Every structure is written in structure tokens, then in C-alpha cells.
Protein chains: 2
Amino acid sequence: MSLLTVGTMAFDSIETPFGGVDKVVGGACTYISWAASYFTDKINLVSIVGNDFPEKELDALKRRGVDLSGLEIKQDGKTFFWRGKYHYNMISRDTLTTDLNVLDDFNPVLPEHFKSSEFVMLGNLTPDIQDQVLNQLTSAKDSFVALDTMNFWMDIAMEKLLEVIRKVDVLIINDEEARQLSGEYSLVNAAKKIHTLGPKYLIIKKGEHGAMLFNENKVFFAPGLPLAEVKDPTGAGDTFAGGFMGYLAKTGDTSFENMKRALIYGSTMASFCVQEFGIENLKKIDLDKINERVTAFSNLVKFDIPE
Amino acid sequence: MSLLTVGTMAFDSIETPFGGVDKVVGGACTYISWAASYFTDKINLVSIVGNDFPEKELDALKRRGVDLSGLEIKQDGKTFFWRGKYHYNMISRDTLTTDLNVLDDFNPVLPEHFKSSEFVMLGNLTPDIQDQVLNQLTSAKDSFVALDTMNFWMDIAMEKLLEVIRKVDVLIINDEEARQLSGEYSLVNAAKKIHTLGPKYLIIKKGEHGAMLFNENKVFFAPGLPLAEVKDPTGAGDTFAGGFMGYLAKTGDTSFENMKRALIYGSTMASFCVQEFGIENLKKIDLDKINERVTAFSNLVKFDIPE
């Protein structure tokens, strides 16, 4: 089934304790689409770039089955640029530069054939733009919508954010954001409160510690895969979301059992992402490598208790 | 099989964001022994207390099958006392008072019938005392020994600590301690280095995020059970270790597969521990409750990937 991916496309300059890269291709929509492309070739991308975005990067996405007719290329503008530096723990980071550039004028208009996408992944953006996309879907109620957001929007646009959250099926946030949104420290209690805000499903990402899926009274936990080398956490959350929604779009199955699998596939994709800077590793992998790592996830947590 | 438990017995005054208690019974050996007592009644306790330690607490341990003939009761001394205050994250804490009292004179002498204990759990203590205990075992090579320690001893007694670590089968430390001991940030690389220091098995505790078991190239992960309420993390690590070693002593099986189960039982016991202050909850549970929670652990991580 088709997956609508909405979010930023960007240039990132990234510094971590293990190296750095300058002006590599990034952005939520880029990571989401690359990750999802290993599961479905019906990806409807909606984003905006400037005249400086490399043609060959767009060609590479096209070859992965990504439909770029929802991509606005602003000939008189420059692509969104972010520069950041990670601390030693590879979790906290300082944003050194944010040049919105064309993102300032992002006013997404969905091509007609995008409006009935069965699955929708709204990457982190202003809640206004996320809502604008939702309102263009012919039958948002029939689409299965996931939304990513961040504490920044909770700080400055909570009311609008709550309005959008009410409309989505899955909310994907990290542990600190779940605490901020709910006012609850315990993630179990946070999940209960967040369910009352609308989303039937809640995914709480905990970085290297894994991710949790909540639905009614059910909970599932996907660990982080222990890795010898983590080079760059940038885009890991988006890659996770892309893998998760890509797997759901591939299978067309939104049962809790299948969502557990989707969580494992999302975690698997994220584990590849962090091993190289930018989207480098996401370009190099294949289904065999993905399935091999899913098996590693399975072995990591498998135990049996004799009766 | 028999389990030797060595460590402090104490009074703790604990303040957390969710309440506080004054001068409740605590100490590593107390938590370890209580947790292990749900799996084996052959517990050989070695510790020291003052004349102020409540008789009824000792009686309660005896009723759990704990042999107290290795407990020194110093008639002219007071029991070790610790006062601490936890921060909002329930991980970091400030130590406000440490009165060593009788612990200053702790010079453990093993009763003859303790010296051939098949399993040994060395709770966090000075490496000197841990070594003193190991040297009294008739055949330390035949005992299966686990050791808990902390960053404090790495700071002030690293050489002696390394000497003791070399002799044990399982080292149980937290993630920060593993990083400090190995000089490696990645826990996978930390585990590799720590294996070269002696222990064939390494358990890295990550608090609410779970615990990992490393052996050669194998790794197993036991998640933390998501809890609605955490009142007091004091003793969680000791309780984990007690559950882990208690299960091994019960089964007498130190295969990797069985150690995975032991890790789940250890995590289960720790999850009970944190729900009340001190050892209160450890006194209230029973095997049915433990097994019910082990099932919850199993469900938390269970998924199947169709071929």
C-alpha cells in the first residue's frame, strides 16, 4: 500500500566525538523515505528543497520507488541547513546553526494521486503544516496516520499540536517528550494520559535503550541493538519511523501483533543509520542484511522459562 | 545448591520525590538474601551488624532459610548507616550521611560449613574484604562467584579491584561503571575489554532500561519492566543480583541459556523492590506473583517474524 512521507529535506553539518561531516544530505523526510523504501516502493514524498539540492540524490530516491511529484524545488531558494554537535553521550546535542531557507515558505500542496495514500508519516514539522497535510487527505479517517513531533512545538505551539495529535493514529515521541506532553514521569502513566489525547497507539523512543509501543493496556518493548560503533545518531528517530511505517505499508496490517514486528524493523533500520554519518549506511544495505539483523534482535531478547 | 551472600547490612534513611523513610533495614546483603530466598533456602549469610539491629529482622531472615552463623553481631557497636536523597530522575542521588560504624571492623570469618558454598555472591564492599572471603573458600575454583562493585572502588582501589575481578566468574556493574572500568564508551566494546580482565560473564545493569548479559560473543538483554509507580530504587541492584544468583543456585545450571532465565528472574525481583521503600515489598511477594511477572516480561518482548 502507499505511504505518504512528509517532512524536511536538508543539508546537515554534524560533529560527533567520533568525527564529522559537512553539508551532507539529511532531513526527516529523507531518512523516513530511505528507510521505508526497503519495504514498499509506493512512497509519496512531500517536501521542499532549494536549487542547491543535488540532482543525483533525488535520482537515487526515484530509483528506490519514491514518487517526487510532491517535492517543491524552489529555484530561487536554498535548502534548509542544520549544523549540530553531539556530546560524548551521543544523546544531547547543541544546535549551532539553523538556516530555515526555503522551509520558511513550505506550504505543501498534495498532488491529486497522493491524497488517498493509505499510510501517512508526518515527520517533525510545525503542527500547522502537519495539519495542512492532514486536511488535504480525501479521507483522513481511512488513512493510518503517524506523527512525529518534538519538545520545541510543545513549548511554543502546544494548542495547535494537541489539535493535530487528536487526529492521528500513532504518536511517535521520545521519553522526555512523553513526560513533557503528559506531565507524568512514569512512562506507563504518560502513555495512559497520551491515549486520552487521541492517539490509540503511542511509541516512546528511548534512543540506545530501545522503543516502547503502547496500545490500551498492552505494551511491547523493542531493545536497542548493542553496537560496537555508533558514529552519528542524526536521523535515527526518522529512520525508525520510516522503517516502522514502511513495514506497515508493506503488510497493510495494523494489528498490535504486526505493529510489534514493525517496531523491530524500525529499530533495525535505526541501528544501521547510526553506524555511519548521514544516510550513507541506509544506501548500502539490502534485505538480507536487514533480515539478518532482525534475527539478531530476536536472539537478543529470546528466553524460555520451563513450566 | 548453597549460596554464600556477603555484604553490608544497614539502616537506611531514604528520601525520594515520592516520599521518604527513616532508618529502615537495608544493606546489600539484606537485599541479596531476601531476593535469593525465593529460589533457595540454602543461603549462607556473611555480614556484620551492631547491637541496634532488630532481632525480628534477623528472625525473618532465618524463617526464609538464611543461615546466620556467619553474621557477626558486635555488642559494643552500631550498625552501618546511610542517608541519601534521590533526584527527580530516580537514578542520580546524593549521599547525605555515611556512618560506617561496625563496618569499619568488618573482618569476615567464614564458618567451616560455609567454605564449600557452590555459589557465591560478593556484594559491593572494599575489594580487600571481597578477596578475604574468596581466600577462605576451600575450592574457590569450584564455586561459581559473582561480584558486585562500584565506581568508588575504581577510583581509590583499582589495583586491588582488578586482582579480585580476575578471580570471579560474573562481574555485575552498571553502564557507567563498565565504561569507567574499560575506558570504552560502547558497551559492546566495554564487554570485550572486561572479558580480558578475567570474568567470563559480564552483567551490565542499566537501571530502568534493563540489564545485559555478555559471554564471549553472545549477548542477552532483559528489559526493565515498565512500572506505573517507582517509589525507591535503593537496593534494586542488590535485589537483582540476589534473584540472579538465587535462581542459579536453585537450578545448579550455569549454561548461558539458564543464565538468561536467571537475568529475567533477577529483573523481576528488582521490579518488586522499587515499588516500595526498603525491603518492604520483598517481604510481601510470593512465587505466584513472581511467576506472573516473569510472564509479563516474556510478553513484553515477544514477537514473531513470519518466514
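The following refers to the structure shown. (Residues numbered from 1 in each chain as written. Chains lettered and ligands numbered in written order. Predicted model: local features only at pLDDT ≥ 70, side-chain atom pairs only at ≥ 80, totals over all residues. Heavy atoms only, no water.)

Let's shift gears to the layout of surface pockets. Which parts of space are left empty comes out when a probe the size of a water molecule is rolled across the atoms. Taken as a whole, the second largest pocket holds about 360 Å³ of empty space. Considering the residues around the second largest pocket, the lining is formed by 17 residues, among which A:Pro226, B:Val188, B:Asn217, B:Lys218 and B:Val219 are closest to the centre. Broken down by secondary-structure element, the contributors of at least two residues to the lining of the second largest pocket are helix H11 (287-301) of chain A together with helix H7 (187-196) and strand S13 (218-222) of chain B. Residues that form the lining of the second largest pocket fall into these classes: ten nonpolar, three polar and four charged. (1 Å grid on protein atoms, 1.4 Å probe; cavity = no way out; pocket = protein on both sides within 12 Å on 5 of 7 lines; lining within 4 Å. Points joined across faces, edges and corners; volume = space filled by probe spheres on them. Helix = DSSP H or I, 4+ residues; strand = E, 2+ residues; numbered from the N terminus. Nonpolar A, V, L, I, M, F, W, Y, C, P; charged D, E, K, R; others polar.)

Counting residues at the interface gives 35 residues for chain B and 35 residues for chain A. Carbon and sulfur atoms make up 62% of the area that chain B and chain A hide from each other, which totals about 3,200 Å². Along the contact surface separating chain B from chain A lie four salt bridges. The partner of A:Glu208 in a salt bridge is B:Arg179, and the shortest N-O contact between them spans 3.9 Å. In this assembly, chain B and chain A are joined by 16 residue pairs in polar contact (both at pLDDT 80 or more). Of all the elements in the fold, those that place two or more residues in the side of chain B that touches chain A are H7, S13, helix H9 (256-273) and helix H11 (287-301) of chain B. Top element by residues in the side of chain B that touches chain A is H11(B). It accounts for six residues. (Contact = heavy atoms within 4.5 Å. Buried area = accessible area lost by both parts, 1.4 Å probe. Salt bridge = Lys/Arg side-chain N within 4 Å of Asp/Glu carboxyl O. Polar contact = N/O pair within 3.5 Å; in protein donor to acceptor, adjacent residues only side chain to side chain.)

This part takes up the relation of the copies chain B and chain A. You can overlay chain B on chain A at an RMSD of 0.0 Å; the transform is a turn of 180° with a shift of 0.0 Å along its axis. Read as a symmetry element, the transformation amounts to a two-fold axis. Taken together, the interface assignments show that 100% of the residues at the interface of chain B recur at the interface of chain A, consistent with an identical surface on both copies. (Least-squares fit on C-alpha atoms with pLDDT ≥ 70 in both.)

With that settled, the discussion passes to the sheet that holds strand S6 (residues 80-86) of chain B. All names here are of chain B. Spatially, four strands are ordered S3-S2-S6-S7 in an open sheet, and the strand pairing comes out mixed. The open sheet has two edge strands with one neighbour each: strand S3 (19-26) and strand S7 (93-99). Taking the axes of each pair of neighbouring strands and ignoring which way they run, one obtains an average angle of 15° across the sheet. (Pairing = 2+ DSSP bridges. Axes fitted to C-alpha atoms, helices over the stretch in contact; angles between N-to-C directions.)

The next point concerns the packing of H9(B) against H11(B). Residues and elements named next belong to chain B. Taken N-terminus to C-terminus, the directions of H9 and H11 make an angle of 110°; their axes are 9 Å apart at the nearest point. When the axes of H9 and H11 are compared, the pair comes out roughly perpendicular. Crossing of H9 against H11: the hand is right-handed. On H11, the residues touching Ile264, Tyr265, Ser267, Thr268, Met269, Ser271 and Phe272 of H9 are Lys289, Ile290, Asn291, Arg293, Val294 and Phe297. For the contact of H9 with H11, the residue count by class is seven nonpolar, four polar and two charged. (Parallel < 35°, antiparallel > 145°, perpendicular 65-115°, else oblique. Left-handed = near helix turned anticlockwise from the far one by under 90°.)

What follows is about unusual backbone geometry. In this structure, A:Lys23 takes a positive phi of about 50° despite not being glycine. Residue A:Lys23 is classed as partly exposed on the basis of its relative accessible area, which comes to 43%. Notably, B:Asn101 is not glycine yet its phi reads approximately 50°, a positive angle. Counting through the fold element by element, B:Asn101 comes out in the loop between S7 and strand S8 (119-122). With relative accessibility at 30%, the residue B:Asn101 sits in the partly exposed group. (Buried < 20%, exposed > 50% of the residue type's maximum accessible area, 1.4 Å probe, protein only.)

With that settled, the discussion passes to the side chain of A:Thr16. Residues and elements named next belong to chain A. Residue position: Thr16 is located in strand S2 (residues 10-16). Since its relative accessible area comes to 7%, Thr16 is described here as buried. Polar side-chain contacts of Thr16 include one of 3.0 Å to the backbone oxygen of Lys231. Each residue touching Thr16, except ones within four places of it in the same chain, is listed here: Tyr86, Met90, Lys231, Asp232, Pro233 and Phe277.

All names here are of chain A. Going residue by residue along strand S8 (residues 119-122), you find Phe119 and Met121 tucked away on one face and Val120 and Leu122 tucked away on the opposite face as well. The pairing of strand S1 (residues 3-6) with S8 spans four bridges and is classified as parallel. Each residue of the ladder has a partner; that of Leu3, found in S8, is Phe119. Bridging between S8 and strand S9 (residues 144-148) involves four bridges; their strand directions are parallel. Considered in S9, the bridge of Phe119 is made with Phe144.

On to the sheet that holds strand S7 (residues 93-99) of chain A. Residues and elements named next belong to chain A. Read across the open sheet, the four strands follow the order S3-S2-S6-S7; overall the sheet is mixed. The two strands at the open ends of the sheet, each matched to only one other strand, are strand S3 (19-26) and S7. On average, each strand axis in the sheet is inclined to that of its neighbour by 15°, with strand direction left out of account. Sheet topology note: the S2/S3 ladder contains six bridges and is antiparallel. Within S3, the position partnered with Asp12 by the bridge is Val24.

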